[in-house]
Amino acid sequence: MTAKKDKKISWIIPCFNEEKVILETLERIKIVSEKLNKFEWELILIDDGSSDNTKRIIQEINEYPFTIILLSFSRNFGHQPAVQAGIDNCSGSAAIIIDADLQDPPEIAERMIDKWEKGYEVVYGQRTVRYKENQFKKFTAFLFYRLFNFFSGTKIPLDTGDFRLIDKTVIQALHKLPERGRFMRGLISWVGFKQVSVSYSRDARFAGVTKYPFKKMLSFAIDGLTSFSRKPLRVATFIGFFFSSLSFLGIVYVLYVRLFTQTWVAGWAAICMTILLSAGVQLIFIGILGEYVGNIFFETKNRPIYIIKEKNII
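Everything numeric in this text was worked out from a predicted model, so none of it was measured.

**Student:** Looking at this model, I keep getting lost on the overall build of the protein. Mind explaining?
**Tutor:** Of regular secondary structure, the protein possesses ten helices and eight strands. Across the 314 residues that make up the protein, the buried fraction comes to 43%. Across the protein, every contact between residues at least 6 apart in sequence was considered, and the portion connecting residues at least 24 apart equals 83%. For the protein, the computed accessible surface area is about 17,200 Å², with 61% contributed by carbon and sulfur atoms.

**Student:** What is the right way to look at the pattern of salt bridges in this model?
**Tutor:** Two side chains that carry opposite charge are able to pair once their charged atoms sit near each other. Within this structure, the stated rule accounts for ten salt bridges. Among the salt bridges present, the one from Glu-42 reaches Lys-8, with a minimum N-O distance of 3.9 Å. Here Glu-42, found in strand β2 (residues 40–47), pairs with Lys-8, found in strand β1 (residues 8–15); they are 34 residues apart in sequence, far enough to count as distant. Residue class for Glu-42 comes out buried when judged on its relative accessible area of 4%.

**Student:** Could you clarify how one ought to interpret unusual backbone geometry in this entry?
**Tutor:** Excluding glycine, residues mostly have negative phi values, and the peptide bonds linking residues are mostly trans. A positive phi angle is found at Asn-17, which is not glycine, with a value near 55°. Secondary-structure assignment places Asn-17 in the loop between β1 and α1 (22–35). A positive phi angle, near 65°, is found at Leu-102, a position not held by glycine. Take Leu-102: it is sitting in the loop between β4 (94–97) and α4 (109–117). The class of Leu-102 is buried, set by a relative accessible area of 2%.

**Student:** What should I look at first to understand the nonpolar core in this one?
**Tutor:** What tends to happen in soluble globular proteins is that the nonpolar side chains get buried as a cluster. Residues Trp-11, Ile-13, Trp-41, Leu-43, Leu-45, Ile-96 and Ile-113 are the most contacted members of the largest nonpolar core, which totals 35 residues. Not counting residues up to four positions away in its chain, the partners in contact with Leu-43 are Trp-11, Ile-13, Leu-26, Ile-29, Tyr-64, Phe-66, Thr-67, Ile-68 and Ile-69. Counting 28 residues, the second largest nonpolar core, distinct from the first, contains Ile-44, Ile-69, Phe-77 and Leu-177.

Rules used in this analysis
Residues numbered from 1 in each chain as written. Predicted model: local features only at pLDDT ≥ 70, side-chain atom pairs only at ≥ 80, totals over all residues. Heavy atoms only, no water. Helix = DSSP H or I, 4+ residues; strand = E, 2+ residues; numbered from the N terminus. Buried < 20%, exposed > 50% of the residue type's maximum accessible area, 1.4 Å probe, protein only. Contact = heavy atoms within 4.5 Å. Areas by Shrake-Rupley, 256 points an atom, 1.4 Å probe, with all protein chains shown as cover. Salt bridge = Lys/Arg side-chain N within 4 Å of Asp/Glu carboxyl O. Core = buried A, V, L, I, M, F, W, Y, C linked by side-chain atoms within 4.5 Å.

Here is the structure:
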């Protein structure tokens, strides 16, 4: 395939309270971009309602060699809406999605672009090592990807995040997807096209603290799973039938003992355990149903997934 010459590539960089790292991030991105000087570059920075000086620091940047477009949200809408805002406002033939915390090295973009020039429309970063992350976070991340692929009809590559390059054809396809619950790595897998991985070691944060504590990670995982699969509902149905069958057999047994024998079963403990177990199972699956109903509720409101308060070109 003929190499793509003189094309524009967009960096999409969500930022939330990154005052300690944003200048270093922009410096490293500048070095990578200047090295690949056959392309035109633009940076889309999304200030996701930061409460620190992230926005001011970006606005005060002078003599940066590439165009910076700063989108400032009216409040914190979250990482996935910030990524979508970048996709909606970029103008490149391809876009590189990367977080501002430097855990995903910008230097990997050179390998991604090489794959893109060979005809791949999605080049995603696949983590082989995760430095300075605790074992609990590593285990839950490992578990999430495998559970997601088990339950979902749309498979996502294992051990990946949103760090990836996407071609303009993928961007145009994403524009056609109307849902408000944006699970970007799932959506990008769903649209298809020619996809390939680039493996890399994920660094520790350059500065600051993680923006994804356990509570937010759990919410993100539930949203992603319920957006792409009906299997939890199927599992609830099958387990419901299973316990209903056990209950029916138990009723038959109790009636037999009561009507055709001289003794009455005194097993109150077993009865209590059965009641508690069945009640617990029912509550779990009512919760699953609630997640799906909640998704429907938010989709029917048809609200925008983000609001841009201010747009600056630097």
